[in-house]
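# Results of the structural survey
Next come the chains, spelled out residue by residue.
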Amino acid sequence: MTFANILYEPLGPVARIWHNRPARRNAENMELLDELDQAIAQAVADPEIRVIIIAGKGDHFSAGHDLKDAAMLRKQDTPEDRYEFESLRYYEYCLRIWDAPKPVIAQVQGACIAGGFMVANMCDLVIASDDAFFADPVVNAFGAAAVEVLVHPWVMGLRKAKQMLYTGGRISALEAHAIGMVNEVVPRVELESATLEMAGKIAQSSSFALRLIKRSLNRTAEIQGFRSALNAHFDTHQLSHMSSEGQAARAAGFDNAIAGAKARIS
C-alpha cells in the first residue's frame, strides 16, 4: 500500500508508522488520518508484526487536527456533516488504536497537541523525549468542550486533566511521566532507539498472550466506564460546537483561534 502522508516502516516484528507532514508540524489532515487508520489495519493483519509504533517525522509528534485544510473543513459544513466526519475520523479511528489486538507504542517528541494528544494517549505505552510537551487548548481557543476523545482523566488523573483543560496550558514530558501518563522520558537523540528497544522486548512475548492480556487490561478500564465515558463526551463535544462562543470562534476564522491556542500553550 502506498501512502502520501505517512510512512509505513516494517522492522522485523515491529511496524513503525510515521506522521509524515513535518513542514506542517504533522498536523492531521483528512488524508493523513485515513492513511494512519489503513496502516494500523495493515499492521494488525500482518502475522509477522507483533508491535506497532506510532511516531512523527521532524521536530514534533503532531500539532493536532489540520484546521487550515480546506477540504477537511468542507466536510464539516453542517452539524450533521461534522458529526459523521468526527465520528469516523476522530472517534472511531482512535478507538481502533485502543482496540488493536497488538500493543501500540506512541513515540513522542516536541508538540503533542489536541488531536495528536488523542492519538498518542489511545496507545498502550508512551515513550517521550525530554523536549516533548502535551496540551489541549480547545476549550479556551475554540470554545468547544476539549477534543472529541476525552481520554485525559483516564491517563493523567481527574484533577490534572481539569487543570490542563480549564487553562489550556501544557505539561512537560517529565511532568507527564510523574503523573503516569508517559512510561519513559529519554533524551531526544535516544528516542527512536529507546522506543525500538521497548518494542523489541514486547515482541519477544507470545503474540496470543499479548493479545489476551491487552484485552483483559482494556476491559478493566471499560468495566470502570472508560468507553461509556468516551461515548458520552463525544456527543457533548458535538453540542459544544453549536454554542454561541463556538460559533463565534468559527466565524472569526481559525487563524485567530490558533494564535490564541499558541499563546496559551507557550
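Residues numbered from 1 in each chain as written. Predicted model: local features only at pLDDT ≥ 70, side-chain atom pairs only at ≥ 80, totals over all residues. Heavy atoms only, no water.

### Looking at unusual backbone geometry
Spelled out, the test is: Where helices and strands are cited, they refer to DSSP runs of H or I of at least four residues and of E of at least two residues respectively, numbered from the N terminus. With a 1.4 Å probe rolled over the protein chains alone, any residue whose accessible area is under 20% of its type maximum counts as buried; one over 50% counts as exposed, and the rest are partly exposed.
Phi is positive for Arg-25, which is not a glycine, with a value near 55°. Looking at where Arg-25 falls in the secondary structure, it is placed in the loop between strand E2 (14-19) and helix H1 (30-45). By relative accessible area, which is 30% here, Arg-25 ends up partly exposed. A positive phi angle, near 60°, is found at Ala-146, a position not held by glycine.

### Quick word on the side chain of Lys-214
Operational definition: Contacts described as polar in this section are N or O atom pairs within 3.5 Å, which, within protein, must combine one atom able to donate a hydrogen with one able to accept it, while residues neighboring in sequence count only if both atoms come from side chains. Here, residues are in contact when the closest pair of their heavy atoms is within 4.5 Å.
Position of Lys-214 relative to the elements: it lies in helix H10 (residues 207-223). Here Asp-124 takes part through its side chain, which lies 2.9 Å from a polar atom of the side chain of Lys-214. In contact with Lys-214, other than residues within four places in its own chain, are Ile-97, Trp-98, Ala-100, Lys-102, Val-104 and Asp-124.

### What about the packing of aromatic side chains?
Note the cut-off: When two rings of Phe, Tyr or Trp (its six-membered ring) have centres within 6.5 Å they constitute a pair, described as stacked for plane angles under 30 degrees, edge-to-face for angles over 60, and tilted for the intermediate range.
According to the stated counting rule, one finds six aromatic pairs in the structure shown. Taking the centre distance of 5.3 Å and the plane angle of 70° together, the rings of Tyr-83 and Phe-234 count as edge-to-face. Of this pair, Tyr-83 sits in helix H3 (residues 79-99) while Phe-234 is found in helix H11 (residues 226-241), placing the two residues 151 residues apart along the sequence. When its relative accessible area of 33% is taken as the criterion, Tyr-83 is described as partly exposed. Here Tyr-91 and Phe-234 contribute two aromatic rings whose centre-to-centre distance is 5.2 Å and whose plane-to-plane angle is 40°, an arrangement assigned as tilted. Taken together, the positions of Tyr-91 in helix H3 and Phe-234 in helix H11 put the pair 143 residues apart, joining distant regions of the chain. In this structure Tyr-91 comes out as buried when scored by relative accessible area, which is 7%. One aromatic cluster in this structure is built from Tyr-83, Tyr-91 and Phe-234.

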